[in-house]
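Remarks on the overall topology
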Amino acid sequence: MIIGRKLYYLDSVDSTNVYAKSLINKVPEGTVVLANLQTEGKGRFGKNWYSPEGGIWMSTILKSANISLMSIAAGVAVCETFHINGIILGIKWPNDILLNGKKVAGILTEIVDDTVILGIGINLNISKFPDELDGSASSIFLETKKHLDKKMICDLLYKQLDECYLMLKNNMVFGLLTKWRHYTVLLGKEVIVEMGDRKLSGRVLDINNNGALVIMCSNDKVQYIIGGTCHMKK
Ligand code: BTN
């Protein structure tokens, strides 16, 4: 197994992604940095990521050319981990993991030269969120009333991540995307995608082999989206 072959367990850290970056070229591929809490957890687009005790905050050091597919692989691995525990999560492209329509996990991939830092945050056993999150975030515990053992979930997640990563390395992209299609909440849905100051609306047709979201726009043109944020129309 590649993922978790070396593990750094920290009680408190600013951000596991930042810590993992400091280890590049010093540790083997698949090294995981796991923290009990983060004081400056990072979300996408420079946002803060609320990271108290009770969550899973981890970053894995990997080599892969395709950052979009890495995020897809990580999303699938998170969903598989909880599926095995009887909890069905949904993926909103590119990397929001939802339960009952609320965000319970997120993925932040960063590239440094030929290295990918794959950051995964899972709101596992968190019982309260700050008001400013406006009810958009929740935890596995709050949504299911189940208190799952963190170590058990982490061990399972390494295994699932390993399987998905190997699929990527062995060019089994179709198999990976088939799993993604199974978990996504987006297929056939009307969405608005924001990319910087550009907005696009249409119906989600599929995901392509590069991990781009395929959308049929209102003007009947098909667009392929990499990056950005996707909102489902009410
Ligand atoms: C998102 O905005 O959806 C991505 C959130 C990613 C959070 C994780 S927690 C572990 C890793 N370390 C960080 O600082 N961020 C990621």
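The preceding data block contains the structure.
If you're wondering where the values come from, they're calculated on a predicted model, not measured in any experiment. (Residues numbered from 1 in each chain as written. Predicted model: local features only at pLDDT ≥ 70, side-chain atom pairs only at ≥ 80, totals over all residues. Heavy atoms only, no water.)

Observations regarding the nonpolar core
- Of all hydrophobic cores here, the largest spans 58 residues; its most connected members are F82, L89, W93 and I140.
- In terms of residue count, helix α2 (residues 67–83) provides more of this core than any other element does, ten residues in total.
- Sequence-distant contacts of L89, defined by excluding residues within four places in its chain, comprise V78, C79, F82, I97, L98, L99, V104, I140 and Y183.
- If you look at the next biggest cluster of nonpolar residues, it comprises ten residues, including V27, V33, I61 and I117. (Core = buried A, V, L, I, M, F, W, Y, C linked by side-chain atoms within 4.5 Å. Buried < 20%, exposed > 50% of the residue type's maximum accessible area, 1.4 Å probe, protein only. Helix = DSSP H or I, 4+ residues; strand = E, 2+ residues; numbered from the N terminus. Contact = heavy atoms within 4.5 Å.)

With respect to the site of the ligand
- Taken together, 19 residues are adjacent to the ligand, and S15, Q38, K42, R44 and K103 come closest.
- One nitrogen or oxygen atom from the side chain of S15 is found 2.7 Å from an oxygen atom belonging to the ligand.
- A distance of 2.6 Å is found between an oxygen atom of the ligand and a side-chain nitrogen or oxygen belonging to K103.
- For the ligand, whose accessible area on its own is 420 Å², the fraction buried by protein is 97%.
- The set of elements that each furnish at least two residues to the shell around the ligand consists of α1 (16–22), β3 (56–62), β6 (102–112) and β7 (115–122). (Near = heavy atom within 4 Å. Polar contact = N/O pair within 3.5 Å; in protein donor to acceptor, adjacent residues only side chain to side chain. Areas by Shrake-Rupley, 256 points an atom, 1.4 Å probe, with all protein chains shown as cover.)

Notes on the environment of G90
- One can find G90 in strand β4 (residues 90–92).
- With relative accessibility at 6%, the residue G90 sits in the buried group.
- As a C-alpha pair, G90 and W57 span 33 residues in sequence and 19 Å in three-dimensional space.
- Those residues within four positions of G90 in sequence are excluded, and the remaining contacts are D96, I97, L98, Y183 and V185.

What about the environment of K92?
- Mapping K92 onto the fold places it in strand β4.
- For K92, a relative accessible area of 11% translates into the label buried.
- Between the C-alpha atom of K92 and that of F174, which follows or precedes it by 82 residues, the distance is 19 Å.
- Sequence-distant contacts of K92, defined by excluding residues within four places in its chain, comprise L98, V185, L186, C230 and M232.
- A distance of 2.5 Å separates a polar atom in the side chain of K92 from the backbone oxygen of C230.

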